[in-house]
Amino acid sequence: MASILRTGKLLRYFAGFTRNVVVNSVRENEASSLLTNAPCLCGQFQNGFATNAAAKGELNLEKQIRRLDQDVRRIGRISRRDLEEVLDEIRTHRTATSSQSLLVIRCCGNLVPEELPEVRTALVQEIWKTLNALNVPMDISHYNALLRVYLENEHGFAPTDFLAEIEAKGIEPNRVTYQRLIQRYCQQGDIDGATRILEFMRAKSLPVNENVFNSLILGHSQANDLESAKGILGVMKQAGLEPSADTYTTLLCAFARHGDLASVKETLTECEQKEIILLDKDLLDIIYTLTIHGNGEQVDEILSKFRLSPGFNQDAVNVILRLVNKGHEDVGLKLLRVMPRTSRVNGEPVDVGAFFIRQMVKANRPVEKILTICKTLQAEGLNPKALTIATEAGLTNGVVNNALPLLQEMKNAGLPIRQHYFWPLICSVESNQVLDIVRRMQQEFAVYPNSETVRDYVIPNLKEKNWERIVTALRDAGVPNSTAVTSAVYSALVTHQIGEAAKIMEQNRAYYLPFLFRQPLILALSHTNDYSSFIRCVRQIHEGLQFRQGKEEEVEQGAEGAAPVEKSTPDVVGSIVQEASIYFRRDRVATLEKILKGLVKQGLSISSQKATQLSEQLGSELTPRISELLGKLSSGELEPVPLPNSGKRSLDSLSIDELERFIANVESKGENANNIKRQLLNACFRSQNIEKSLQVIEKLESENYQIPLGIRAQLIDLYTHHKRSSEALEAYGKLKTNDASFKLDNLKAVRLADLLLQEERVEEAYKVLEDNKKDAPVNEAEGSFNYVTTVWRTLNSIAEAGQAEKLTKLFDALVAGNYIVPTNVLLGPLIKVHLVKDDIPKAIEVFEEICHTHKSTPWKNELACRLIQKEDAVNLQKLTDLSTGIHGEVNSLYDLVFSFVECGRVRQARKILETPGLRTRPQRISSACDRYKNEGLLQPLEGLIEATKDLGHIDRNKIYYTLLLSYDKADEAEKALGLWTKMQEEAVTPNDAFLLKLAELLKRKNMDVPFVVPETQKEARSRRNKANNQNKIELAQTEAVKKPETPKERTPKKELPKVELPPKTISHTSAFRKAILANDPDAAIAHKQSFSSSEKVGALDTSRLIELLVRADRLKEATEYVQELLQEKLHPQAKIFKFYLNKVAAAADLETLENVGKQLSEEQKRLVSFDNRYCHANIVAGKAEQFLQKLTQEIDGAKSPEEAAKQAERFPRGGAVGILDKHPELVPQYQALAEKFAALNQLGPMNVLWMHLISSGQETESRQIWDKHLSNAPRLMFQRVLQSAREQLDEKLASTMIAQLRDSKISEGAIGNAYSCLIDIQITKGNSDKAMDVLANAVKDISLENINRTALIRLKQAVEEKALKFPYTIPEKRTKANDSSSSSSSSSSSSDDDVSPSIPETVPPKPVAAQA
């Protein structure tokens, strides 16, 4: 009673407030704070961003916050991960608007029901701290939002302290602030504290609303005074306020808190009598309160009162999640049983409760309880996969205590246990527990870790630095030695410890999968420049392949008892060199020379095909030294140097003496040594020791060994090598005598002919060529790099001698004898022979003939330079015209620009670049710059700078930077500094990479640096240290401010010394971002490679670099950075990732796509439409049929409806449209595939086929599919059909669509799209009367609101132009909030044109014709 009297005393305060009372409920207040006005908040964001360098980041933040807002409106909850992502975005870009920060704060309360209140409170405090650190402007609304979160999380705080903090910051509290402070006191049952706040409000004449009374009901309840709590209803009425549903819900929760079920029933009856409608959400609050206060057994009566209105399931889910967090799963299960279940296409109910199971695991509930609930769900048919879901959740959350027992239960149930189930556990446990997980995998589950598990998960989580100990520990844990070794090597390489990797490889013989190790090996080399270790690793990869093949041969011989058979070995060494050539674009020549030298030293070989490809890739960068090294490597004459402790050696690795001893030993045992004798002859020829070779042949002949004809041919080649032409011809004659039909291979014939020509034995030379000519053009094996180089040297030596007739005759003989296929390289000497004699007209004549005959342009640049020097405009024009016919106009003009520049004719070069309409080719300019730099040519680079002056469409930073590098190489510091000055004159801003390189050069030459140098690592450390000191001082100041002061005595604030911050310098990170903004990928890469260990850029910045590289067609480099992100479990920004994948797909690079795909989750693949892009790549690669076969095999392998559903989800519907459009011959094969999906209730592929048939006019076939499969489908794709109808103005197609859609189950909005399409077509054709007829028919089927508003406006204008009245009222434009409810039925809302049925809560009225 005392409390009621106190409340009566409070009435005096309320009576004076009557004129200020604001009559609005908590429900209205909540709606205005987040749900109802959420679209408005999003609308504010559109104009709330500053237009600065971080604009893109802010837009991304806006997108994420809008997604939060949409989740709240759609399902009433969000996840902690979503909030953390927003927080990371704010920290990354160091910016957020006031509106954005407000919404983020609001989301940290009951909107995150999956988390415990203390977790949510910690999260909001972290967000608050971040916003303060970034000086985000905050007002009282932010503090009120924080108060609300504290209240929802029941976080303990002192209201008076909170109020004092607000006032100390000069922010004026409003009535909402006081209401929430009252609520805090009432949460504690402190009515006196609430009264003090009310006095504050009275003093400030602030109005009071229902919230205050609801808080007082709560306060009396918490003070165990239910009588006073109920008495508040009377006080409200006296104050002129009528208790609402929220007030009664608060009172009911008060009774529930004390277990007073009788009062609960009585109050519920009172509400029914007074027609106060309690929503399902209110009843859920009562159930929650009853349960958490120990009265869960009393909820059954309330369960029966649910109306199960729309949105019930989402509200129930939120309450169940909170109940699980409090340990009340049994009541949660009761609520789950009440939730209405939806049905699948086939009428079966959809599984429910997955969220319930996952939350129990996440909340670390006892395993026995989890298993009991799972068995119940399975037994009642609510979720047959409950156990699998629980296990997955345990693994994903890394809860070992739950996950392993659940896995054991799965095993006992006969379910398969797979490798990847253990990956999350390995990542989540402490490093000393990792190997225990590995052992338990094997011992308890009979799952043996594969290489992927060991290298990607076990080793990175061991935290061990010593690789020998890692390998030993893995072996001890039961991992096979080969798996342990290869995984350790891989891990060492990806962490750039190439020396350690080489050491492990040399100590342990194993097979290293070449395609897996190639890229990490090259990346490790790029980071360390450790060429020695690189070569050692390549050797071991090669040895591993040989080792594996040796094992296979042993098995084959043991099985068949047959003699060894030669097998082709994959060119792993050549592949690695080729990959390195592509990767090291900057210093390719120097890098390749070092690699090739190391390979030659090791005696390794590459194939002729790879050597040829490398020479073509190098193009103008090909040097004589590299050509020589490639020749050696591809000659087949190198033998790998013996490895220490290499074990058994092959025959071809033995020396001549060793082979002779071996033969003697074998023959002494009476065994056949013929095979070894053949190896002995080969060894003699490899040694090129002619005397020894002749001795061995003579000895073998004396032993009646039949010398093969191939050995005779090799002897001829050996004589040729030693320039003993007479003996060579004599041996050749003997060979022809023995077998007149025998022909030398091309290389031997050309070598012999070349020697004879050098000795002026012309007739004999041509006779050799004539005798050995081939019937068909040179094949790939004969067209080896070594052979082509030999031919070129022969032709080139004649060209340099100026013997045109001799050269032409030889060239024609080689072509006629099918010795060569003319290429630019081999055709070059035909031009050179005339230029040597300065016979330009003849050179032009031959060039023209070659252009017409062979479609090649050999020596074009040299010819152009000669013509420019002679100012022969007529022939220069002729040369350009010939080039244009082969290479196109733009490429030919750029070639001419570079020729003018090389000749010092800058004005003419500039004139071409100023040609209107000439497309910019930055890659051509970049390649030319690199070529000039590599060749040490300064003058062309200087000319290129002059030629491109003031041409805005050309990025000149690349030219300036390349010229600077060239000056640096030439040690020209003065010229380099002049370059910086020139850039200022021309208003070209130097990038950070330029300034860093120039500063380095000037310092090396002891010259003053006249500009601010971008931050070095040392300066960065110094700046960070000083910044840390400053932060400590500022923190001390903050603590001094926050220290509570007693009211009796206030001590003056202690002044802290001022610290002067160092002048701001630019870090590599900042320079990297500036380079990105300046569209300079080279500078960005340079800065990225210069990062210190503490410097790092986020996925967004790396994404921008990837975008620049893709736009520059530098896909290989872009792929490296994509892989870098993926290895860090990140991925590029979605838009950029899609752009990259599109380019890769367009290039038909299936290998790269497959590699990327392996590292993406199914969700990530879905977000970037990965499967569609992979399908497109197959189409471009001409493998559409094989791709369909693969899809067929996958659906054939589906063993359950769930697997089929996953297959259908991954099915590339957009890509399938491309297959059907471009390959109509595959329609039968595709239809068979679609039928298999349809048999498993997956209609997406059949839907695509239907769209194709109806769009291509095959109405009968499309109707058959419609009637059989799609007429009752709840989900359809058809937007592409409408698009096709619009583009072709095909009214028949649109009418057919309407006829079929009208009989389906899809929404009115979707049918409205089809009608809108037909209306647009008729308007475009000028048939407004027909369009009106269409509209009249449409409104018989659907409401006018579902017709496209733009179509209606166009139709109205067309009708009124004919002086007629438009008889309909066009509906008002719907806001985004309204549209969102129907977006699911808009076929344009999905990239795959999905249309889902929706049942509107209220059916819109039919349109009424406007009255005249």
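Values in this document were obtained by computation on a predicted structure and should not be read as measured data.

1. Some thoughts on the overall build of the protein chain
Part 1 of the reasoning: On a plain count of helices and strands, the protein chain comes out with 76 helices and two strands.
Part 2 of the reasoning: By residue count, 49% of the 1412 residues in the protein chain fall in the buried class.
Part 3 of the reasoning: Long-range pairs, those at least 24 residues apart, make up 69% of the contacts in the protein chain between residues at least 6 apart in sequence.

2. Points about helix H22 (residues 386–397)
Each α-helix winds once per 3.6 residues, and so residues spaced three or four apart point in a common direction.
Part 1 of the reasoning: In this model, H22 (12 residues) spans 16 Å end to end at C-alpha, consistent with the 16 Å of a helix rising 1.5 Å per residue.
Part 2 of the reasoning: Within H22, the full set of buried residues consists of Ala386, Leu387, Ile389, Ala390, Thr391, Ala393, Gly394 and Leu395.
Part 3 of the reasoning: Buried positions along H22 lie against helix H20 (354–362), helix H21 (367–379), helix H23 (400–412) and helix H24 (423–428).

3. Here we look at empty space enclosed by the protein
Part 1 of the reasoning: Using the criterion set out here, one finds two cavities of 30 Å³ or more in the structure.
Part 2 of the reasoning: Approximately 50 Å³ is the volume found for the largest cavity.
Part 3 of the reasoning: In terms of lining, the largest cavity is formed by Gln519, Ile522, Leu523, Glu579, Tyr583, Lys1116 and Glu1120.
Part 4 of the reasoning: Of all elements in the fold, only helix H30 (514–528), helix H32 (572–583) and helix H60 (1115–1127) reach the threshold of two or more residues within the lining of the largest cavity.
Part 5 of the reasoning: Among the elements that take part in the lining of the largest cavity, H30 stands out by supplying three residues, more than any other.
Part 6 of the reasoning: Residue composition of the lining of the largest cavity, by class: three nonpolar, one polar and three charged.

4. A few points about the packing of helix H74 (residues 1328–1341) against helix H75 (residues 1349–1361)
Part 1 of the reasoning: For the pair H74 and H75, interaxial distance at closest approach is 10 Å and the crossing angle is 135°. Considering the angle they form, H74 stands oblique to H75. Remark: the crossing between H74 and H75 carries left-handed chirality. From H74, Ser1328, Ala1331, Met1332 and Leu1335 reach across to H75, where they touch Leu1352, Leu1355, Ala1358 and Val1359.
Part 2 of the reasoning: Broken down by class, the residue content of the contact of H74 with H75 amounts to seven nonpolar, one polar and no charged.

5. Things to note about the side chain of Lys1165
Part 1 of the reasoning: Residue placement: Lys1165 occurs in helix H63 (residues 1162–1167).
Part 2 of the reasoning: It turns out Lys1165 is buried and unbridged, and the closest side chain with the opposite charge, Glu1162, is 4.2 Å from it.
Part 3 of the reasoning: Lys1165 has contacts with Gly1157, Leu1160 and Phe1170, leaving out every residue within four places of it along the chain.

6. Details of the pattern of salt bridges
Part 1 of the reasoning: Throughout the structure, instances matching the rule amount to 67 salt bridges.
Part 2 of the reasoning: Linking Glu380 and Arg337 is a salt bridge whose minimum nitrogen-to-oxygen distance equals 2.7 Å. With Glu380 in the loop between H21 and H22 and Arg337 in helix H19 (residues 329–338), the pair connects residues that are 43 residues apart, well separated along the chain.
Part 3 of the reasoning: The partly exposed category is assigned to Arg337, whose relative accessible area is 42%.
Part 4 of the reasoning: Of the charged contacts in the structure, one is a salt bridge between Lys503 and Glu468, with a shortest N-O distance of 3.7 Å. Taken together, the positions of Lys503 in helix H29 (residues 498–507) and Glu468 in helix H27 (residues 467–476) put the pair 35 residues apart, joining distant regions of the chain.

7. Overview of the packing of H22 against H23
For any two helices packed against each other, the geometry comes down to the angle between their axes and how far apart the axes lie.
Part 1 of the reasoning: Two numbers describe how H22 lies on H23: the axes approach to 8 Å, and their chain directions differ by 150°. When the axes of H22 and H23 are compared, the pair comes out roughly antiparallel. Here the hand of the crossing between H22 and H23 comes out left-handed. Together, Leu387, Thr388, Ala390, Thr391, Gly394 and Leu395 of H22 and Ala403, Leu406, Leu407, Glu409 and Met410 of H23 make up the contact between the two elements.
Part 2 of the reasoning: Broken down by class, the residue content of the contact of H22 with H23 amounts to seven nonpolar, three polar and one charged.

8. Description of the packing of aromatic side chains
Part 1 of the reasoning: If you walk through the whole model with that rule in mind, you get 18 aromatic pairs.
Part 2 of the reasoning: Here Phe157 and Phe162 contribute two aromatic rings whose centre-to-centre distance is 5.7 Å and whose plane-to-plane angle is 55°, an arrangement assigned as tilted. Residue Phe157 shares its accessibility class with Phe162, and that shared class is buried.
Part 3 of the reasoning: One aromatic cluster is present, built from ring pairs that chain together Trp128, Tyr143, Tyr150, Phe157 and Phe162.
Part 4 of the reasoning: Over the ring of Tyr288 we find Arg322, and its NZ or CZ is 4.1 Å from the ring centre.
Part 5 of the reasoning: The positively charged end of Lys809 is found above the aromatic ring belonging to Tyr766, 4.6 Å away from the centroid.

9. Let's talk about the nonpolar core
Part 1 of the reasoning: Counting 219 residues, the largest nonpolar core has Phe994, Tyr1140 and Leu1335 as its most contacted members.
Part 2 of the reasoning: When residues of this core are assigned to their parent elements, the largest contribution, nine residues, is made by helix H73 (residues 1308–1324).
Part 3 of the reasoning: In this structure, Tyr1140 is in contact with Ile1106, Val1110, Leu1115, Ala1118, Thr1119, Val1122, Thr1152 and Val1156, ignoring residues within four places of it in sequence.
Part 4 of the reasoning: One finds Ile105, Val208, Leu268 and Val479 within the second-largest nonpolar core, a separate group that totals 195 residues.

10. Some thoughts on the environment of Ser966
Part 1 of the reasoning: Position of Ser966 relative to the elements: it lies in helix H53 (residues 957–970).
Part 2 of the reasoning: Assessed through its relative accessible area of 7%, Ser966 is described here as buried.
Part 3 of the reasoning: For the pair Ser966 and Tyr932, spaced 34 residues apart in sequence, the C-alpha to C-alpha distance is 8.7 Å.
Part 4 of the reasoning: Ser966 has contacts with Lys933, Leu938 and Leu941, leaving out every residue within four places of it along the chain.

11. A word on the environment of Ser482
Part 1 of the reasoning: Considering the arrangement of structural elements, one finds Ser482 in helix H28 (residues 481–494).
Part 2 of the reasoning: Take Ser482: its relative accessible area is 43%, and that puts it in the partly exposed class.
Part 3 of the reasoning: Each C-alpha atom, one on Ser482 and one on Ser451, is 9.0 Å from the other, the two residues being 31 residues apart in sequence.

12. A look at the confidence of the model for the protein chain
Part 1 of the reasoning: Overall, the prediction assigns the protein chain a mean pLDDT of 78, with 84% of residues at 70 or greater.
Part 2 of the reasoning: Counting interchain partners and residues more than four positions distant, the pLDDT-below-50 stretch residues 1038–1065 has 12 contacts.
Part 3 of the reasoning: Overall, residues 1375–1412 carries pLDDT values under 50, and its contacts beyond four positions in sequence, including any with other chains, amount to 72 contacts.

13. Some remarks on unusual backbone geometry
Part 1 of the reasoning: One non-glycine residue, Asn224, lies in the positive phi region at around 60°.
Part 2 of the reasoning: Phi angles above zero are rare outside glycine, and Lys723 is one such case at about 60°.
Part 3 of the reasoning: Looking at the element boundaries, Lys723 is found in the loop between helix H39 (709–721) and helix H40 (725–738).

14. Here we look at the environment of Asn1155
Part 1 of the reasoning: Relative to the elements of secondary structure, Asn1155 occurs in helix H62 (residues 1150–1158).
Part 2 of the reasoning: If near-sequence neighbours (up to four positions away) are discounted, Asn1155 is found in contact with Gln519 and Gln1123.

15. Examining helix H12 (residues 210–222)
Part 1 of the reasoning: Spanning 13 residues, H12 covers 19 Å between terminal C-alpha atoms, matching the ideal 18 Å at 1.5 Å per step.
Part 2 of the reasoning: For H12, the tally of buried residues reaches 12 of 13 residues, placing the bulk of the element in the interior.
Part 3 of the reasoning: In the stretch just after H12, Asn224 is the one whose phi turns positive, near 60°.

16. Some details on the side chain of Thr453
Part 1 of the reasoning: Of note, Thr453 is situated in helix H26 (residues 451–458).
Part 2 of the reasoning: For Thr453, a relative accessible area of 0% corresponds to the buried category.
Part 3 of the reasoning: In this structure Thr453 touches Gln419, Trp423, Ile426 and Val458, once residues within four positions along its chain are discounted.

Analysis parameters
- Residues numbered from 1 in each chain as written.
- Predicted model: local features only at pLDDT ≥ 70, side-chain atom pairs only at ≥ 80, totals over all residues.
- Heavy atoms only, no water.
- Helix = DSSP H or I, 4+ residues; strand = E, 2+ residues; numbered from the N terminus.
- Buried < 20%, exposed > 50% of the residue type's maximum accessible area, 1.4 Å probe, protein only.
- Contact = heavy atoms within 4.5 Å.
- Expected span 1.5 Å × (residues − 1).
- 1 Å grid on protein atoms, 1.4 Å probe; cavity = no way out; pocket = protein on both sides within 12 Å on 5 of 7 lines; lining within 4 Å.
- Points joined across faces, edges and corners; volume = space filled by probe spheres on them.
- Nonpolar A, V, L, I, M, F, W, Y, C, P; charged D, E, K, R; others polar.
- Axes fitted to C-alpha atoms, helices over the stretch in contact; angles between N-to-C directions.
- Parallel < 35°, antiparallel > 145°, perpendicular 65-115°, else oblique.
- Left-handed = near helix turned anticlockwise from the far one by under 90°.
- Lys, Arg positive; Asp, Glu negative; His and termini not counted.
- Salt bridge = Lys/Arg side-chain N within 4 Å of Asp/Glu carboxyl O.
- Phe/Tyr/Trp six-rings, centres within 6.5 Å; stacked < 30°, edge-to-face > 60°.
- Lys NZ or Arg CZ within 6 Å of the ring centre and 35° of its normal.
- Core = buried A, V, L, I, M, F, W, Y, C linked by side-chain atoms within 4.5 Å.
- pLDDT = per-residue confidence, 0-100.

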